[in-house]
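Residue strings, one per chain:
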Amino acid sequence: MEYLIGVILALAVAGFATAIGLDRGRAFYTTVLIVIASYYVLFAVMGASGRTLGTEIAVASGFSFLAILGFKRNFWLVAAAMAAHGVFDVVHHLLIENPAVPHWWPGFCLAFDGIAGAWLALRLMTRSMNPIEPDRGAG
């Protein structure tokens, strides 16, 4: 059931963003990826050790870095990192012990991340999305 809900929610969020034009620029999916990466930090704050919290912050920072790099340099990196986060969801429990992660979360997040990443990739491939070019002069 968590997979179905993840698919439906991702399609609803991405479809809505496309329909009303929220995803015409580079910021929408970049922000979505940063938020997605932060959830494990939230779970760690809710019920894990300080060491786990530090590990989750490091991993979230890595995905956030990829989001920013994709925003600044190559938007395909955002789509790839979103899909990669879905794969990370599947193996998270093997790498990091975070007891506050709900048992249904990995399946939900895999489905959401995979669909959102695929939606973005499809939009980029079909050129139905023409993200604003990155500002090469900034940062």
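To keep things clear, this report deals only with the structure shown in the data block.

What counts as what
Residues numbered from 1 in each chain as written. Predicted model: local features only at pLDDT ≥ 70, side-chain atom pairs only at ≥ 80, totals over all residues. Heavy atoms only, no water. Core = buried A, V, L, I, M, F, W, Y, C linked by side-chain atoms within 4.5 Å. Buried < 20%, exposed > 50% of the residue type's maximum accessible area, 1.4 Å probe, protein only. Helix = DSSP H or I, 4+ residues; strand = E, 2+ residues; numbered from the N terminus. Contact = heavy atoms within 4.5 Å. Polar contact = N/O pair within 3.5 Å; in protein donor to acceptor, adjacent residues only side chain to side chain. Phe/Tyr/Trp six-rings, centres within 6.5 Å; stacked < 30°, edge-to-face > 60°. Axes fitted to C-alpha atoms, helices over the stretch in contact; angles between N-to-C directions. Left-handed = near helix turned anticlockwise from the far one by under 90°. Nonpolar A, V, L, I, M, F, W, Y, C, P; charged D, E, K, R; others polar.

Before going further, it helps to examine the nonpolar core. In terms of nonpolar packing, the biggest core is built from 31 residues, with Tyr29, Val78, Met82, Trp105 and Leu120 touching the most fellow members. For this core, the secondary structure elements donating two or more residues are α1 (2-20), α2 (27-47), α3 (50-72), α4 (76-95) and α5 (105-125). Among the elements that line this core, the one with the most residues is α2, at nine residues. Ignoring any residue separated from it by four or fewer positions in sequence, one finds Val78 in contact with Tyr29, Thr30, Leu33, Ala67, Gly70, Phe71 and Leu120.

Once that is clear, we can look at the side chain of Asp23. Among the secondary structure elements, Asp23 is positioned in the loop between α1 and α2. For Asp23, a relative accessible area of 0% puts it in the buried group. At 2.9 Å, the side chain of Asp23 and the side chain of Thr18 are in polar contact. Engagement of the side chain of Asp23 in a polar contact is seen with the side chain of Tyr29, the distance being 3.4 Å.

Attention now moves to the packing of aromatic side chains. Enumeration according to the criterion identifies ten aromatic pairs in this entry. A centroid spacing of 5.3 Å and a plane angle of 55° characterise the contact between Tyr39 and Trp105, whose relative ring orientation is tilted. Placement of the pair is Tyr39 in helix α2 and Trp105 in helix α5, with a sequence separation of 66 residues. Relative accessible area serves as the criterion here: at 33%, Tyr39 is assigned to the partly exposed category. Ring centres of Phe63 and Phe88 lie 5.8 Å apart, and the angle between their planes is 50°; this geometry places the pair in the tilted category. Highlighted residues: Phe63 in helix α3 and Phe88 in helix α4, separated in sequence by 25 residues. Given the relative accessible area of 11%, Phe63 is considered buried. Residue Phe88 is classed as buried on the basis of its relative accessible area, which comes to 11%. Grouped by ring-pair contacts, the aromatic residues Tyr39, Tyr40, Phe43, Phe63, Phe88, Trp104, Trp105, Phe108 and Phe112 constitute a single cluster.

Relative to the elements of secondary structure, Thr126 occurs in the segment after α5. The exposure class assigned to Thr126 is partly exposed, which follows from its relative accessible area of 47%. At a separation of 3.5 Å, a polar atom in the side chain of Thr126 contacts the main-chain carbonyl oxygen of Arg123.

This paragraph deals with the packing of α1 against α5. Closest axis-to-axis distance for the α1/α5 pair is 7 Å, and the angle between their directions is 35°. Crossing hand, α1 versus α5: right-handed. Contact residues: α1 offers Glu2, Tyr3, Ile5, Gly6, Val7, Leu9, Ala10, Leu11, Val13, Ala14, Gly15 and Thr18, while α5 offers Gly107, Phe108, Leu110, Ala111, Phe112, Ile115, Ala116, Trp119 and Arg123. When its residues are assigned to classes, the contact of α1 with α5 shows 15 nonpolar, four polar and two charged.

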